[in-house]
Amino acid sequence: MFFDTTRAHVEIAGARAIDCVVEEAKDHTLRAPFKGNMDIEKLRGLIEKHGADKIAYVRIETGTNLIGGQPHSLENMQEIRKVCDEFGLMLVLDASLLADNLYFIKTREEKCKDMSIREITRAMADLSDIIYFSARKLGCARGGGICIRDKDLPLWAGVDQLGRSAPRATGDQQLTKSYLTAARATVDQLIARGALRPN
Ligand SMILES: Cc1ncc(COP(=O)(O)O)c(C=O)c1O
């Protein structure tokens, strides 16, 4: 499930962000170990419907923010990877809320109970083509990071274009005029698209 500003940026770029989370994620009264899992059949169906050539990447979010930080399993990520390989698609991991998800994989996923946290992290990284994260959730860091498997992949990011925290933006940089102007422009675009309501 796409984090709201991620969805906004995908859609501002002219693409569509389609949520593929399992049905149980939508019932907040239900208790289930991995409500952040992706529905593999839905994913496959969407790829077949739209065609792999129309899909830029498949994205999974650890500790899925919009449903209260629900985790996904390592097994689910392995299944997603298989589908991505089958259709030649990149797998992008939003690892902003990685820590809690790691804990739940270790404590709830039988096959992972003897793995160290480092080994689970490594396994998740090995399944990903791109990992990005906002480090601001860590409480000890600013900005974030982007890790890319393919060194030749063109990467376009920055405060001025995106109007949000660029990988190297520090708290001080975020108070510069260009950052604030770009951030304001993003808000204006969201309002224009009906995604935000001014008060
Ligand atoms: C999963 C996830 N991705 C991305 C972000 C965006 O982070 P930032 O505001 O540092 O760009 C957040 C923020 O809460 C998040 O929870």
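Rules of the game
- Residues numbered from 1 in each chain as written.
- Predicted model: local features only at pLDDT ≥ 70, side-chain atom pairs only at ≥ 80, totals over all residues.
- Helix = DSSP H or I, 4+ residues; strand = E, 2+ residues; numbered from the N terminus.
- Core = buried A, V, L, I, M, F, W, Y, C linked by C-beta atoms within 7 Å.
- Buried ≥ 20, exposed ≤ 12 C-beta atoms within 10 Å, placed from the backbone.
- Contact = placed C-beta atoms within 7 Å.
- Pairing = 2+ DSSP bridges.
- Right-handed = clockwise from strand over helix to strand, strands pointing away.
- Arc of directions from axis to C-beta.
- Axes fitted to C-alpha atoms, helices over the stretch in contact; angles between N-to-C directions.
- Parallel < 35°, antiparallel > 145°, perpendicular 65-115°, else oblique.
- Left-handed = near helix turned anticlockwise from the far one by under 90°.
- Nonpolar A, V, L, I, M, F, W, Y, C, P; charged D, E, K, R; others polar.
- pLDDT = per-residue confidence, 0-100.

## Remarks on the overall build of the protein
Scanning the protein for helices and strands turns up seven helices and four strands. Its helices and strands taken in sequence order, the protein reads α-α-β-α-β-α-α-β-β-α-α from the N to the C terminus.

## Quick word on the nonpolar core
In terms of nonpolar packing, the biggest core is built from 28 residues, with Val21, Met38, Val58, Ile80, Leu91 and Leu93 touching the most fellow members. Of all elements in the fold, only strand S1 (58-61), helix H3 (74-87), strand S2 (91-94), helix H4 (98-108) and strand S3 (130-134) reach the threshold of two or more residues within this core. Not counting chain neighbours up to four residues away, the residues in contact with methionine 38 comprise Cys20, Val21, Leu43, Ile60, His72, Asn76 and Ile80.

## Thoughts on the pairing of S2
Moving residue by residue along a regular strand, the side chains alternate between the two faces of the sheet. Burial along S2 is two-sided: Leu91 and Leu93 and Val92 and Asp94, pointing in opposite directions, are all buried. In this structure, S1 lies alongside S2, joined through four bridges in parallel fashion. Following the sheet pairing, arginine 59 is matched in S2 by valine 92. Each parallel crossover has a hand, and the one from S1 via H3 to S2 is right-handed. With three bridges connecting them, S2 and S3 associate as parallel partners. By the bridge assignment, aspartate 94 is partnered in S3 with tyrosine 132.

## Focus: H4
Within H4 the residues assigned to the buried category are Leu98, Asn101, Leu102, Phe104 and Ile105. The arc that holds every buried residue of H4, seen down its axis, measures 165 degrees, which confines them to one face. Against H3, helix H5 (117-127) and S3 lie the buried residues of H4.

## Some thoughts on the pairing of S3
Taken together, the five bridges between S3 and strand S4 (residues 144-148) define a ladder with antiparallel strand orientation. Considered in S4, the bridge of isoleucine 130 is made with isoleucine 148.

## Details of the environment of cysteine 147
Tracing the chain through its elements places cysteine 147 in strand S4. Classification of cysteine 147 by C-beta neighbours within 10 Å gives partly exposed; the count is 13. Placed 15 residues apart in sequence, cysteine 147 and tyrosine 132 show a C-alpha to C-alpha distance of 6.1 Å.

## Let's talk about the sheet that holds S1
Here we have four strands laid out as an open sheet, ordered S1-S2-S3-S4, and mixed in their pairing. Since the sheet does not close on itself, it has two edges, and those belong to S1 and S4, each with one partner. Between one strand axis and the next, the sheet turns through 15 degrees on average, direction left out of account.

## Things to note about the packing of H3 against H5
Two elements in contact, H3 and H5, have axes separated by 10 Å at closest approach and are oriented at 15 degrees. Classified by the angle between their axes, H3 and H5 sit roughly parallel to one another. Seen from above, H3 lies across H5 with left-handed handedness. Residues Leu74, Met77, Gln78 and Arg81 of H3 touch H5, and the partners they reach there are Ile120, Ala123, Met124 and Leu127.

## Here we look at the packing of H4 against H5
Where H4 contacts H5, the two axes come as close as 10 Å, and the packing angle between them is 110 degrees. As the angle between them shows, H4 and H5 are arranged roughly perpendicular. Where H4 abuts H5, its residues Leu102, Ile105 and Lys106 lie against Ile117, Ile120 and Thr121. Split by residue class, the contact of H4 with H5 holds four nonpolar, one polar and one charged.

## Remarks on the confidence of the model for the protein
Taken as a whole, the protein shows an average pLDDT of 85; of its residues, 80% reach a score of 70 or greater. Mean pLDDT values for the elements of the protein range from 41 in helix H6 (residues 159-162) up to 98 in H3. Here residues 158-175 scores under 50 on pLDDT; set against residues more than four positions off or in separate chains, the count is 37 contacts.

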